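Commentary on secondary and tertiary structure
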Amino acid sequence: MHAVRVKYRERQKYICYEGQLTFKSFLECVSKKFEISTLDLKVYEDLNTEVDEDAFAFLVMKPDLGVLEVCLPKDSDFEESVSPSTSHSVASSNSSFLSCSAENEGDSDDTIILQPSPGQRNRDDLTRLARMIEKILREKPGGERILTEYARKKILTDSRRRDMVKILVAHMASEHGTSPSRRVKEDYAKGITALFPYLADPQGTLGYEHYYNPVDGGGFLAWRVKTLQKEASEGQKKRNPQPLTGGPDSGDRTPFSKENRLTTETQCCEAIALMKHTTDEAIIKEKMKQSFIHRQEMVHDPVKSSEIFTTFPRFLDVKGMIVQDFSLMFGDDISAKFLDKWPTHYRQKVLEQTRGLTQTSDLEDLLHNAESTTEELEDGWDSEMSSILLLIHLMPPSPHGRNKRPGKLSARQAIDHLVKFIKTGTSIEGHLDSITESCQPYLLAVGTKRSATHKYFIVIDKHAIPCQSPDSLASFDKLFKAHFVFATSYNRDLANVYHFLQTAVYQIDTATTKVNPRVKEMRARMLH
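Conventions and cut-offs
Residues numbered from 1 in each chain as written. Predicted model: local features only at pLDDT ≥ 70, side-chain atom pairs only at ≥ 80, totals over all residues. Heavy atoms only, no water. Helix = DSSP H or I, 4+ residues; strand = E, 2+ residues; numbered from the N terminus. Contact = heavy atoms within 4.5 Å. Expected span 1.5 Å × (residues − 1). Buried < 20%, exposed > 50% of the residue type's maximum accessible area, 1.4 Å probe, protein only. Polar contact = N/O pair within 3.5 Å; in protein donor to acceptor, adjacent residues only side chain to side chain. Axes fitted to C-alpha atoms, helices over the stretch in contact; angles between N-to-C directions. Parallel < 35°, antiparallel > 145°, perpendicular 65-115°, else oblique.

We now examine the side chain of Asn369. Examined against the element boundaries, Asn369 turns out to sit in helix 16 (residues 361-370). Setting aside residues no more than four positions away along its own chain, Asn369 makes contact with Leu377, Asp379, Gly380, Trp381, Ser383 and Ser386.

Laid out in structure tokens, this is it:
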């Protein structure tokens, strides 16, 4: 509560108020306090300076505000005093405020408190909370279905109610932590029944106790909060003492760009339907861009991620979609780092480091091809692909599993997890059908021989995504980006190579990615 000291003639009184005191409400209160029958008053500061409406808004905020003196204009014909009932009618013209003082007792320093009426304040609060709940639901996957079902049936099925509670508690946890206060949980419960009045319990004292009961702490929202707390507690026990979570399957990444995004599930469904049937690539690329946030939420959902190519089949026949999504995730500058820096800096560094390794026939062949021109090659991979594959020799697979025997998987075997070759004329579908076990993304090269590859595909989940060009570097760049676009973890036998490229070349999640000491050593060698 705040107070302003006011003087009229030889009398001084306080005007107390809550909220914002406007110049008009101030004059109304002065008129009532001093029983003046007009609002045509002059207001002066201590220094005998007249205060107008603009100056009042500034002065009333000053902590050292002195006495404000009011007086009638010199040419006023009003009587100096009127009956209390007359002055009360003047001061009551602003119906949004109530007088909370007792009757005036002569010149006593009684007060007038300005505040919204309880009924109006409660209605405004419920409206605010209902809008909050609606906004949360409209922005989250599945929220539109909840709003639609209620609008149609005036009720929610158990499954829809569970979905709503999960969405709201997830938002609650993100905004207020996993131990929200009683007030926060009660506000969400109030908002639910304010937005969906038919969900209120007509027999309940408050109507929203089944969502949150402030008396015993029960209700759907409270139960879900406890479930999250339990999951968080169990996850904390299992977590690595140094929780480094960077990488392609990190689910808490903020996209580089959120512009021109589709905000509702209905809009996303319409865009998805249009993309499936149009042949205009410009429209497809624009709709893919607009649905990017929705797609990222989908690939990080353990259930929905398996449907990504069914929902967005244009990944399979429109080139450039992976690169576009990666740029939306990290920006064009990071997206261009590999193709900019590999030929000018890292390639030569890799060749220098490889020459210092113990030479084997496989390593010698790759090194020879990496240093040769296309015309000089007789067999093996082309120069650019060979330079990339040398990284596997520099950072071979780390031992894993219970029996961490060194050398369990050779660099030559690991190369087969990164790129495979089939001759021109071999059926792509036949190759996909031959995949009998789950595997991480890899490149499929098609050509007359390895050094004469004329087409690359990215194979992921038994789907073949065509690369834009037969260029080895561009195709490998796209393979790396596919891990992030589809939130797919690295093949564990190639993790050292991918971690090096991620943290040293692309410079993504450098501080939050746990890497092998060999990767750190290689970064030190190549970044100096």
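Here the focus is helix 17 (residues 383-394). Its 12 residues give helix 17 an end-to-end C-alpha distance of 17 Å, which sits within 8% of 16 Å, the value for a rise of 1.5 Å per residue. Counting buried positions along helix 17 gives 11 out of 12 residues, so the element sits mostly inside the fold. Within helix 17, the full set of buried residues consists of Ser383, Met385, Ser386, Ser387, Ile388, Leu389, Leu390, Leu391, Ile392, His393 and Leu394. If you check the start of helix 17, you find a side-chain oxygen 3.3 Å away from the backbone N of Glu384, and it comes from Asp382.

Two numbers describe how helix 11 (residues 292-299) lies on helix 13 (residues 321-330): the axes approach to 11 Å, and their chain directions differ by 95°. By the angle between their directions, the pair helix 11 and helix 13 is classed as roughly perpendicular. Taken together, the residues of helix 13 that come into contact with helix 11 (itself represented by Phe292, Arg295 and Gln296) are Asp325, Leu328 and Met329.

The next point concerns the environment of Glu437. You can see Glu437 is positioned in the loop between helix 19 (428-433) and strand 6 (442-447). Judged by relative accessible area, Glu437 falls into the exposed class, the value being 61%. For the pair formed by Glu437 and Asp461, sequence separation is 24 residues and the distance between their alpha carbons is 9.8 Å.

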